[in-house]
Amino acid sequence: MTFQQLSYLLEVDRTKSFSQAAKNLFIAQSTVSNAISALESELNCRIFVRSGQGLSVTIEGQQVLSCAQRICENHKLLTTKAKPS
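Since the structure is predicted, the reported quantities are computational estimates derived from the model, not experimental observations.

A.B. asks: Describe the nonpolar core, listing the residues and the values that go with them.
C.D. replies: Residues Leu9, Val12, Phe18, Ile36, Ile47 and Phe48 are the most contacted members of the largest nonpolar core, which totals 20 residues. For this core, the secondary structure elements donating two or more residues are α1 (3-15), α2 (18-25), α3 (29-43) and α4 (59-82). Counting residues per element, this core draws most heavily on α1, at five residues. Residues in contact with Phe18, not counting those within four places in the same chain, are Val12, Gln29, Val32, Ser33, Ile36, Phe48, Arg50 and Leu55.

Below, the structure is given as structure tokens:
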């Protein structure tokens, strides 16, 4: 699991779209899809259910997203505090 995967995950959740997340991140949609698929494989759970109505988050996905949000918030705090004043 990488910080980058978690960042992609949060952007997909925010936009409810792999393609829109990719546009916002200035990367290819396949890069986002592959990162999320790899994360789902590593965690052995589905995070998103993809359907004709769009994306929905699984129960396990809600837990992963909650952890990812905390990790990213803590990363931001750490990088902010690590900068010299």
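A.B. asks: If you had to explain the pairing of strand β2 (residues 54-57) to someone new, which residues and values would you point to?
C.D. replies: With four bridges connecting them, strand β1 (residues 48-51) and β2 associate as antiparallel partners. Directly across from Phe48, in β2, lies its bridge partner Val57. In sequence, β1 turns back onto β2 through a hairpin of two residues.

A.B. asks: Explain the pattern of salt bridges to me, and be specific about the residues and the numbers.
C.D. replies: Going through the model one piece at a time under the given rule, you end up with three salt bridges. Where Lys16 meets Asp13, a salt bridge forms, and the shortest distance between an N and an O atom there is 2.7 Å.

A.B. asks: Tell me what's going on with the side chain of Ser17, and back it up with residues and numbers.
C.D. replies: On the secondary structure map, Ser17 appears in the loop between α1 and α2. When sequence neighbours within four positions are dropped, the list of residues in contact with Ser17 reads Val12 and Leu55.

A.B. asks: Give a detailed account of the packing of aromatic side chains, specifying residues and quantitative values.
C.D. replies: The final tally for this structure, using the stated rule, is one aromatic pair. Measuring from centroid to centroid gives 6.0 Å for Phe18 and Phe48, while their planes differ by 75°, and the two rings are edge-to-face. Here Phe18 is found in helix α2, whereas its partner Phe48 is found in strand β1, with 30 residues between them in sequence. The burial state of Phe18 is the same as that of Phe48; both residues are buried.

A.B. asks: So what's going on with the side chain of Thr58? Residues and values would help.
C.D. replies: Position of Thr58 among the secondary structure elements: in the loop between β2 and α4. A distance of 2.5 Å separates the side chain of Thr58 from the backbone oxygen of Arg46, its partner in a polar contact. What Thr58 contacts, discounting residues up to four positions off in sequence, is Arg46, Ile47, Phe48 and Val49.

Definitions and cut-offs
For every chain, the first residue of the written sequence is number 1, and numbering continues from 1 onward in sequence order. A pLDDT threshold of at least 70 governs which residues receive local features in this predicted model, and a stricter bar of 80 or more applies before side-chain atom pairs are shown or counted, although totals over entire chains, interfaces and linings include all residues. Heavy atoms from the whole structure form the basis of all side-chain values; hydrogens and water molecules are not counted. Throughout, nonpolar core names a set of buried Ala, Val, Leu, Ile, Met, Phe, Trp, Tyr and Cys residues whose side chains join them through atoms within 4.5 Å. Here the term buried applies to any residue with accessible area under 20% of the maximum for its type, exposed to any over 50%, and partly exposed to those in between, with areas from a 1.4 Å probe on protein chains only. Secondary structure elements follow DSSP: runs of H or I no shorter than four residues count as helices, runs of E no shorter than two count as strands, and numbering proceeds from the N terminus. By definition, residues are in contact when any of their heavy atoms lie within 4.5 Å. A pair of strands is treated as paired once DSSP finds two or more bridges between them. Here a salt bridge means any side-chain nitrogen of Lys or Arg lying within 4 Å of a carboxyl oxygen belonging to Asp or Glu. For Phe, Tyr and Trp, rings pair up if their centres lie within 6.5 Å, where Trp contributes its six-membered ring, and each pair is then called stacked (planes under 30 degrees apart), edge-to-face (over 60) or tilted (otherwise). The term polar contact refers here to a pair of N or O atoms within 3.5 Å; inside protein, the definition further demands a hydrogen-donor-capable atom paired with an acceptor-capable atom, and it admits residues adjacent in sequence only when both atoms are side-chain atoms.

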